[in-house]
Amino acid sequence: MSNIKQHIGSIALVVESYNDAIAFYTQKLGFDLIEDTDLGNGKRWVLIAPPNSNGTNLLLAQASAPQQLEAVGNQTGGRVFLFLHTNDFWRDYKVMQKNGIRFNEQPRKEAYGTMVVFEDLYGNKWDLLQLI
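Keep in mind that this is a model prediction, so the values were computed, not measured.

Reading the values: the criteria
- Residues numbered from 1 in each chain as written.
- Predicted model: local features only at pLDDT ≥ 70, side-chain atom pairs only at ≥ 80, totals over all residues.
- Heavy atoms only, no water.
- Helix = DSSP H or I, 4+ residues; strand = E, 2+ residues; numbered from the N terminus.
- Rg over C-alpha atoms; globule rule 2.2 N^0.38 Å.
- Buried < 20%, exposed > 50% of the residue type's maximum accessible area, 1.4 Å probe, protein only.
- Contact = heavy atoms within 4.5 Å.
- Areas by Shrake-Rupley, 256 points an atom, 1.4 Å probe, with all protein chains shown as cover.
- Salt bridge = Lys/Arg side-chain N within 4 Å of Asp/Glu carboxyl O.
- Pairing = 2+ DSSP bridges.
- Axes fitted to C-alpha atoms, helices over the stretch in contact; angles between N-to-C directions.
- Core = buried A, V, L, I, M, F, W, Y, C linked by side-chain atoms within 4.5 Å.
- 1 Å grid on protein atoms, 1.4 Å probe; cavity = no way out; pocket = protein on both sides within 12 Å on 5 of 7 lines; lining within 4 Å.
- Points joined across faces, edges and corners; volume = space filled by probe spheres on them.

(A) Structural view of the overall build of the protein chain. The number of helices and strands found in the protein chain is three helices and nine strands. If you list the helices and strands of the protein chain from N to C, you get β-α-β-β-β-α-β-α-β-β-β-β. Taking 2.2 N^0.38 as the reference for a compact globule, 132 residues should give roughly 14 Å; the C-alpha atoms of the protein chain span a radius of gyration of 16 Å, in line with that estimate. Across its three principal axes, the protein chain shows a C-alpha extent of roughly 45 × 45 × 25 Å. Going through the 132 residues of the protein chain one by one, you find that 36% of them count as buried. Partitioning the intrachain contacts of the protein chain with sequence separation of at least 6 by distance along the chain shows that 51% fall at a separation of at least 24. Just so you have it, the protein chain exposes about 8400 Å², and 49% of that area is on carbon and sulfur atoms.

(B) Molecular detail of the pattern of salt bridges. Scanning the model with the defined rule gives five salt bridges in all. Its salt-bridge partner being Arg102, residue Glu119 comes within 3.1 Å of it at the nearest N-O pair. Placement of Glu119 in strand β8 (residues 113-119) and of Arg102 in strand β6 (residues 102-103) is noted, with a sequence separation of 17 residues between them. Relative accessible area serves as the criterion here: at 48%, Arg102 is assigned to the partly exposed category. As a salt-bridge pair, Glu105 and Arg108 come within 2.6 Å of each other at their nearest N and O atoms.

(C) Structural detail: the sheet that holds strand β4 (residues 57-62). Judged by pairing direction, the sheet is mixed, and its four strands sit side by side in the order β1-β4-β3-β2 without closing on themselves. The sheet is open, and its two edges are formed by β1 (10-15) and β2 (32-40), each paired on a single side. The average angle at which neighbouring strand axes cross in this sheet is 25°, direction not considered. When strand β3 (residues 43-49) meets β4, the two strands line up antiparallel, connected through three bridges. Bridging across to β4, Val46 finds its partner in Leu60. Along the sheet face, helix α1 (residues 18-28) touches β1, β2, β3 and β4 and points at about 10° away from the line of β3.

(D) The arrangement of the nonpolar core in detail. Residues Tyr25, Leu29, Phe31, Leu60, Phe118, Trp126 and Leu128 are the most contacted members of the largest nonpolar core, which totals 29 residues. Of all the secondary-structure elements, those providing two or more residues to this core are β1, α1, β3, β4, β5 (80-85), α3 (89-98), β8 and β9 (125-131). With residues near it in sequence (within four places) discarded, Leu128 still touches Leu84, Thr86, Phe89, Asp92, Tyr93, Met96, Thr114, Met115, Val116 and Phe118.

(E) Main features of the layout of surface pockets. As a volume, the largest pocket reaches approximately 560 Å³. Surrounding the largest pocket, 24 residues form its lining, Phe31, Pro50, Pro51, Leu84 and His85 being those nearest its centre. Looking at the lining of the largest pocket, the elements that each hand over two or more residues are β4, β5 and α3.

(F) Just the side chain of Asn57, in detail. If you trace the backbone, Asn57 turns up in strand β4. In this structure Asn57 comes out as buried when scored by relative accessible area, which is 17%. When near neighbours in sequence (up to four residues on either side) are disregarded, Asn57 contacts Gly9, Ser10, Ile11, Ile34, Leu47, Ile48 and Ala49.

Structure below.
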């Protein structure tokens, strides 16, 4: 048996603007702002997470170079990037609709649960997913 215990603490998400990203994720998706620390020279340590989450946080990383700006909204080459699991798909779907979230399809039932693909403010694709 191994004594190794690891987990992914944060995933960096390159954004155009800290403030715009914070507003979108907290106001449109209902995420919590976990930390917003000024690191100087325009850099901040900004962590967000879904409500009542005890897993991985998103680290919002404001683009600071042309190559980073080019990656905003397309960090995975157009594939679904992040998976938002929920305990009530239809509750969250309706709130997201009300908040103007852009969906790429109609919700559908799969063998593993109910899901729909949506986009964040930059066009990153997410799955909203309730597992069976």
